[in-house]
Amino acid sequence: MIPALETERLVLRPHKREDFEALHAMWTHPSVYKYISGRPSTREQSWARLLRYAGMWPLIGYGFWAMQAKASGRFVGELGFGNFERDMEPRIGDTPEMGWVLAPEIHGKGFGSEALAKVVTWGDAFFKHDRAVCIISPENAGSQRIAEKNGFRKIAETTYTEESVWMFERRFRP
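- For the protein chain, an unreviewed UniProt entry supplies the name GNAT family N-acetyltransferase and the organism Phyllobacterium zundukense.

Structure representation (structure tokens):
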């Protein structure tokens with residue numbers, strides 16, 4: 001049910017239980033959590049995140065992929081579409097929300113843009129919605145660049161969990 005996708009350097013695949021330690025290590029690294037939650041994930045939070053990713057696909061028909069580097073076979077991040085029922089304004093509702101998190105060792109090497117390009121192409125073909133959104137910290141210039149390279153444009157400045165975020169939008173192709 002979860003499509004496997006490939007890029008030049010990555011395999012985008014379903015999450016596996018074996019991804020847990022690498023996923024948890026990624027979510028406890030300061031360069032990862034500083035723009036998302038401001039604090040490292042506990043093992044319990046990381047485990048819940050892994051379960052959430054696995055559960056999205058059968059419940060809503062889409063979700064997140066694990067990113068695996070072809071060269072090393074290692075888990076190096078995750079990205080995809082979700083429905084997180086966020087309590088924020090403007091409301092996201094049923095609009096697919098994109099998100100991505102990269103392991104620190106691949107930051108700044110183009111992996112995020114490469115993976116996102118593949119996933120938004122999949123979204124263009126899959127979704128009946130006319131758009132997708134993402135929220136990014138105003139201080140996270142790297143994620144803003146990845147979003148903009150892949151057709152996202154800033155549409156709002158708002159707050160989520162009492163933190164400033166910018167909402168970006170990307171229109172799906174007809």
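Back to the text.
Thoughts on helix 5 (residues 141–149)
Moving on, step 1. For helix 5, every residue scored as buried is listed here: Ser-143, Gln-144, Ile-146 and Ala-147. When helix 5 is viewed along its axis, its buried side chains cluster within an angular range of 160° and face the same direction. Along helix 5, the residues that are exposed and aim more than 90 degrees away from the buried face are Arg-145 and Lys-149.
Moving on, step 2. Considering only its buried residues, helix 5 is in contact with strand 5 (97–102), helix 4 (111–126), strand 6 (131–136) and strand 8 (163–171).
Moving on, step 3. Positive phi appears at Gly-151, one or two residues downstream of helix 5, with a value of about 90°.

Looking at the nonpolar core
Moving on, step 1. In terms of nonpolar packing, the biggest core is built from 43 residues, with Leu-12, Met-67, Phe-81, Met-98 and Trp-100 touching the most fellow members.
Moving on, step 2. Per element, the largest residue contribution to this core is six residues, and it comes from helix 4.
Moving on, step 3. Residues in contact with Trp-100, not counting those within four places in the same chain, are Glu-78, Leu-79, Leu-116, Cys-134, Ile-136, Ser-143, Ile-146 and Ala-147.
Moving on, step 4. Among the nonpolar cores identified, the runner-up in size contains seven residues, and Met-88, Ile-92, Ile-135 and Ala-156 belong to it.

Criteria and thresholds
Residues numbered from 1 in each chain as written. Predicted model: local features only at pLDDT ≥ 70, side-chain atom pairs only at ≥ 80, totals over all residues. Heavy atoms only, no water. Buried < 20%, exposed > 50% of the residue type's maximum accessible area, 1.4 Å probe, protein only. Helix = DSSP H or I, 4+ residues; strand = E, 2+ residues; numbered from the N terminus. Arc of directions from axis to C-beta. Contact = heavy atoms within 4.5 Å. Core = buried A, V, L, I, M, F, W, Y, C linked by side-chain atoms within 4.5 Å.

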